[in-house]
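The residues making up each chain are set out below.
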Amino acid sequence: MSHDESTPDTPTPEPTPEDRRHAVRAKAKQVQQRQSRTRLIQRVSLATVAVAVVAAVAVVITWTVSSNASRPLAQPANVSDDGFEVTDVTGVGSVGAEPTTAELDEDAAADEESADGDDSSGSAAMSAQAEPVETETPEPGVVDIRIYVDYLSSGAKDFQVANVQQLQKWVSEDAATLSYYPVAMLTAKSNGTKYSLRAASAAACMAHHSPDDFFKYNDTLLRQQPDLDTEGYSDIELADLAQASGADEPQTVRDCIVEERFAAWAKSATDRALDGIPDTDDVSLTGTPMVLVNGTPYVGALDDAKEFAQFVLTVSSDAYYKATPAPTPTPTS
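### So, the packing of helix α6 (residues 214-223) against helix α7 (residues 235-244)
For any two helices packed against each other, one specifies the crossing angle of their axes together with the interaxial distance.
Thinking step 1. Between α6 and α7, the least distance of the axes is 9 Å, while the angle of their chain directions is 130 degrees. Relative to α7, α6 is oriented oblique. Along this stretch, α6 crosses α7, giving a crossing that reads as right-handed. For the pair α6 and α7, the contacting residues are Lys 216, Tyr 217, Thr 220 and Leu 221 in the first and Leu 238, Leu 241, Ala 242 and Ala 244 in the second.
Thinking step 2. Residues that form the contact of α6 with α7 fall into these classes: 6 nonpolar, 1 polar and 1 charged.

Structural data, given as structure tokens:
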């Protein structure tokens, strides 16, 4: 006889304190392992991000440096061997121009001072004053005159004021070519504003955008020269002077001057002149102004127009006679 027999469930034994301790330790170990993996992932992620940032920065720096290195130096147009040939001599007081009010006042003061002294000396002074400066034309053959100017150089101002009229005459008569070379040798003499460099850049802007007005602007910068060891004109004031000199496209010239677009070129041009001046016998720039006539430096008085004129005539005569072949004797029978 078969019958079902029910077997009672075996009761689960209660965990002992030791078992509970093992379970807690195992659970804590699992949590610790998960936390360690999380921290490791975070460190790896941060390191990866840092490497990516450094790489990105390196790429940007490399691109910037290579771009700057490959970018050509802004160089003005109408330049030859870092100089600007004068194409128009109008706009500046020419030979025979009426004296200004300031000149008349100076003459009156000189006459009054002479009247207070000896009559004979006063008469001599008046005679010397009345005697005009005669300007002779150089011998046949165009004379090349190059002038290196720093617009903060008092000597450059003296030379310009004394000689501008005869320079105009020679150029207008096609007896000479005239070129100015803006340089920046006195950049440190303007209380940190680098006026010489900025003025040279401004002159290059005028020569680049308005070459016919360069001569007048160059003359203005020299005649209205600021004192040494002062800040000089601001870029805006330099632009105002350019506009007053009749610059074509005044806004374009203004932007060029205010942005100091040719400052780097002016610095490089100065360095090149210090290393050596082209078409000379190992002449290099040692100070301003440096005036070269057919490559020969003028070493006379900067404010003496007669002395400079005589130098030009001498150099041109020498060049003329050197270039003129001696006549060939006719054979006699």
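### Focus on the pairing of strand β3 (residues 176-182)
Thinking step 1. By the criterion of burial, β3 is predominantly enclosed, with 6 of the 7 residues buried.
Thinking step 2. Looking at chain direction, strand β1 (residues 84-85) and β3 are connected through 2 bridges and run antiparallel. For Phe 84, the partnering residue across the bridge sits in β3 and is Tyr 180.
Thinking step 3. Bridge count between strand β2 (residues 143-149) and β3: 7 bridges; the pairing is parallel. Along β3, the bridge assignment pairs Arg 146 with Ser 179.
Thinking step 4. With respect to chirality, the unit in which β2 leads through helix α4 (residues 154-172) into the neighbouring parallel β3 is right-handed.

### Digging into helix α9 (residues 263-275)
Thinking step 1. Taking 1.5 Å of rise per residue, 13 residues should cover 18 Å, and α9 covers 19 Å from first to last C-alpha, within 8% of that figure.
Thinking step 2. Along α9, the positions that sit buried rather than exposed are Ala 263, Trp 265, Ala 266, Ala 269, Thr 270 and Ala 273. Taken around the axis of α9, the buried residues stretch over an arc of 155 degrees, which confines them to a single face.
Thinking step 3. Structurally, α9 contributes buried residues whose contacts are with β1, β2 and α5 (195-209).

### Describing the sheet that holds β3
By definition, the strands of a sheet pair up through backbone hydrogen bonds, in either a parallel or an antiparallel sense.
Thinking step 1. One open sheet accounts for 5 strands, arranged β1-β3-β2-β4-β5; its pairing is mixed. The strands lining the two open edges of the sheet, one partner per strand, are β1 and β5 (296-297).
Thinking step 2. This element, α6, spans β1, β2 and β3 of the sheet and lies at about 55 degrees to β3.

### Brief notes about α4
Thinking step 1. An ideal rise of 1.5 Å per residue puts 27 Å on 19 residues; α4 measures up with 27 Å between its terminal C-alpha atoms.
Thinking step 2. The sharpest bend along α4 reaches about 55 degrees and sits at Asn 163.
Thinking step 3. Positioned one or two residues after α4, Asp 174 has a phi angle of 60 degrees, which is positive.

### Brief notes about the nonpolar core
Thinking step 1. In this structure, Ile 145 and Phe 308 are the most contacted members of the largest nonpolar core, which totals 57 residues.
Thinking step 2. Among the elements that take part in this core, α5 stands out by supplying 10 residues, more than any other.
Thinking step 3. Beyond its immediate stretch of four places on either side in the chain, Ile 145 contacts Leu 167, Trp 170, Ala 176, Thr 177, Leu 178, Ser 179, Val 291, Leu 292, Val 293 and Phe 308.
Thinking step 4. Counting 9 residues, the second-largest nonpolar core is a separate cluster that includes Val 183, Ala 273, Ile 277 and Leu 292.

### Considerations on the packing of aromatic side chains
Thinking step 1. Summed over all chains, the structure comprises 10 aromatic pairs.
Thinking step 2. On the numbers, 4.3 Å between centres and 20 degrees between planes, the contact of Tyr 148 with Tyr 181 is stacked. Here Tyr 148, found in strand β2, pairs with Tyr 181, found in strand β3; they are 33 residues apart in sequence, far enough to count as distant.
Thinking step 3. A relative accessible area of 3% means that Tyr 148 is categorised as buried.
Thinking step 4. Here the aromatic cluster, defined as three or more aromatic residues joined through ring pairs, consists of Phe 84, Tyr 180, Phe 214, Phe 215 and Trp 265.

Conventions used here
Residues numbered from 1 in each chain as written. Predicted model: local features only at pLDDT ≥ 70, side-chain atom pairs only at ≥ 80, totals over all residues. Heavy atoms only, no water. Axes fitted to C-alpha atoms, helices over the stretch in contact; angles between N-to-C directions. Helix = DSSP H or I, 4+ residues; strand = E, 2+ residues; numbered from the N terminus. Parallel < 35°, antiparallel > 145°, perpendicular 65-115°, else oblique. Left-handed = near helix turned anticlockwise from the far one by under 90°. Contact = heavy atoms within 4.5 Å. Nonpolar A, V, L, I, M, F, W, Y, C, P; charged D, E, K, R; others polar. Buried < 20%, exposed > 50% of the residue type's maximum accessible area, 1.4 Å probe, protein only. Pairing = 2+ DSSP bridges. Right-handed = clockwise from strand over helix to strand, strands pointing away. Expected span 1.5 Å × (residues − 1). Arc of directions from axis to C-beta. Bend = angle between axes of the 7 residues up to and from the residue. Core = buried A, V, L, I, M, F, W, Y, C linked by side-chain atoms within 4.5 Å. Phe/Tyr/Trp six-rings, centres within 6.5 Å; stacked < 30°, edge-to-face > 60°.

The values are spatial; any link to function lies outside them.
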